[in-house]
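Close look at the chain arrangement
Each chain is listed here by its residues.
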Amino acid sequence: MFSLQFNASAVFDQLDRARAVLDDLTPINEDIGEYMVKATRDRFVSSTAPDGSRWRKKSPTTIAAYLARGDGNRPNPLIGPSGRLGKEIAKLVARDAVEIGSALEYSGVMQDGAAKGAFGSTKTGRPVPWGDIPARVWLGISAEDERNILDIVDEHLELALDE
């Protein structure tokens, strides 16, 4: 006669730990958010969209306007005198989601672009904006970001299962 006894408690303990990690994704989302804020800020240094394409350069008229106002020569796209858009990228983390973005009212225009006069005109009849603003996609997830996000998730699961 042959008898085999299997104690599955260790397996069930690991499954319970993995289930706990997956039940509340806040720590994973926190790490994903931190990563994406940095990755997005890095795009402002390289002037590239998440798909790797280069942002369209500022027009000579825009650069001349900066110089005329005393804001200096700021040739890099999306980096104005204050540099706020690239600095004020924030994350909002929840149990089941993470959002990355900016609360600046012009952030959507920089992402999607706008046609001359899209927002009406000033009291003096000048169009707002005074010229076309090309879309410069700064917010999104690149192929490299996807791989890094999966690595973050894998690390969290490995830690939960190794405990």
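Residues numbered from 1 in each chain as written. Predicted model: local features only at pLDDT ≥ 70, side-chain atom pairs only at ≥ 80, totals over all residues. Heavy atoms only, no water.

Section: the overall build of the protein chain
Along the protein chain, the regular secondary structure elements total 6 helices and 2 strands. In sequence order, the secondary structure elements of the protein chain are arranged as α-α-α-α-β-β-α-α. Here the C-alpha coordinates of the protein chain stretch approximately 95 × 30 × 25 Å along the principal axes. Here the protein chain holds 163 residues, and the buried ones make up 29% of them. Taking as baseline every contact in the protein chain between residues at least 6 positions apart, the subset at least 24 positions apart corresponds to 56%. Surface accessibility of the protein chain: about 11000 Å² in total, with carbon and sulfur atoms responsible for 55%. (Helix = DSSP H or I, 4+ residues; strand = E, 2+ residues; numbered from the N terminus. Buried < 20%, exposed > 50% of the residue type's maximum accessible area, 1.4 Å probe, protein only. Contact = heavy atoms within 4.5 Å. Areas by Shrake-Rupley, 256 points an atom, 1.4 Å probe, with all protein chains shown as cover.)

Quick notes on the confidence of the model for the protein chain
Of all residues in the protein chain, 94% have pLDDT values of 70 or greater, and the mean over the chain is 87. Per-element averaging of pLDDT across the protein chain places helix H1 (residues 9-23) at the bottom with 73 and strand S1 (residues 90-93) at the top with 96. (pLDDT = per-residue confidence, 0-100.)

Some thoughts on the packing of aromatic side chains
As enumerated under the stated definition, the model contains 2 aromatic pairs in all. Here the aromatic rings of phenylalanine 44 and tryptophan 55 are separated by 5.3 Å at their centres, their planes lie at 70 degrees, and the arrangement is edge-to-face. Remark: tryptophan 55 occurs in the loop between helix H2 (26-46) and helix H3 (60-69) and phenylalanine 44 occurs in helix H2; sequence separation between them is 11 residues. The class of tryptophan 55 is buried, set by a relative accessible area of 6%. Between phenylalanine 44 and tryptophan 138 the ring centres are 6.0 Å apart and the planes differ by 55 degrees, which places this aromatic pair in the tilted class. With phenylalanine 44 in helix H2 and tryptophan 138 in the loop between helix H5 (107-112) and helix H6 (143-162), this pair connects stretches of sequence that are 94 residues apart. (Phe/Tyr/Trp six-rings, centres within 6.5 Å; stacked < 30°, edge-to-face > 60°.)

Looking at the side chain of threonine 40
Residue position: threonine 40 is located in helix H2. Of the residues examined, threonine 40 reaches a relative accessible area of 0% and is grouped as buried. For threonine 40, the side chain forms a polar contact with the main-chain oxygen of methionine 36, separated by 2.7 Å. Not counting the four nearest positions on each side in its chain, threonine 40 is found in contact with Ile89, Ile100, Trp138 and Leu139. (Polar contact = N/O pair within 3.5 Å; in protein donor to acceptor, adjacent residues only side chain to side chain.)

Describing the packing of H2 against H6
The interhelical angle for the contact between H2 and H6, taken along N-to-C directions, is 155 degrees, at an axis separation of 10 Å. By the criterion of interaxial angle, the relationship of H2 to H6 is roughly antiparallel. Of the two possible hands of crossing, H2 and H6 adopt the one that is right-handed. Residue-level contacts link Pro27, Ile28, Asp31, Ile32, Tyr35, Met36, Ala39 and Arg43 of H2 to Glu144, Asp145, Asn148, Ile149, Ile152, Val153 and His156 of H6. Its residues placed into classes, the contact of H2 with H6 shows 9 nonpolar, 2 polar and 4 charged. (Axes fitted to C-alpha atoms, helices over the stretch in contact; angles between N-to-C directions. Parallel < 35°, antiparallel > 145°, perpendicular 65-115°, else oblique. Left-handed = near helix turned anticlockwise from the far one by under 90°. Nonpolar A, V, L, I, M, F, W, Y, C, P; charged D, E, K, R; others polar.)

Comments concerning H2
With 21 residues, H2 ought to run about 30 Å at 1.5 Å a step, and its terminal C-alpha atoms sit 30 Å apart, in line with that. Within H2 the residues assigned to the buried category are Ile28, Asn29, Ile32, Gly33, Met36, Val37, Ala39, Thr40, Arg43 and Phe44. One or two steps after H2, the chain reaches serine 47, where phi turns positive at roughly 55 degrees. (Expected span 1.5 Å × (residues − 1).)

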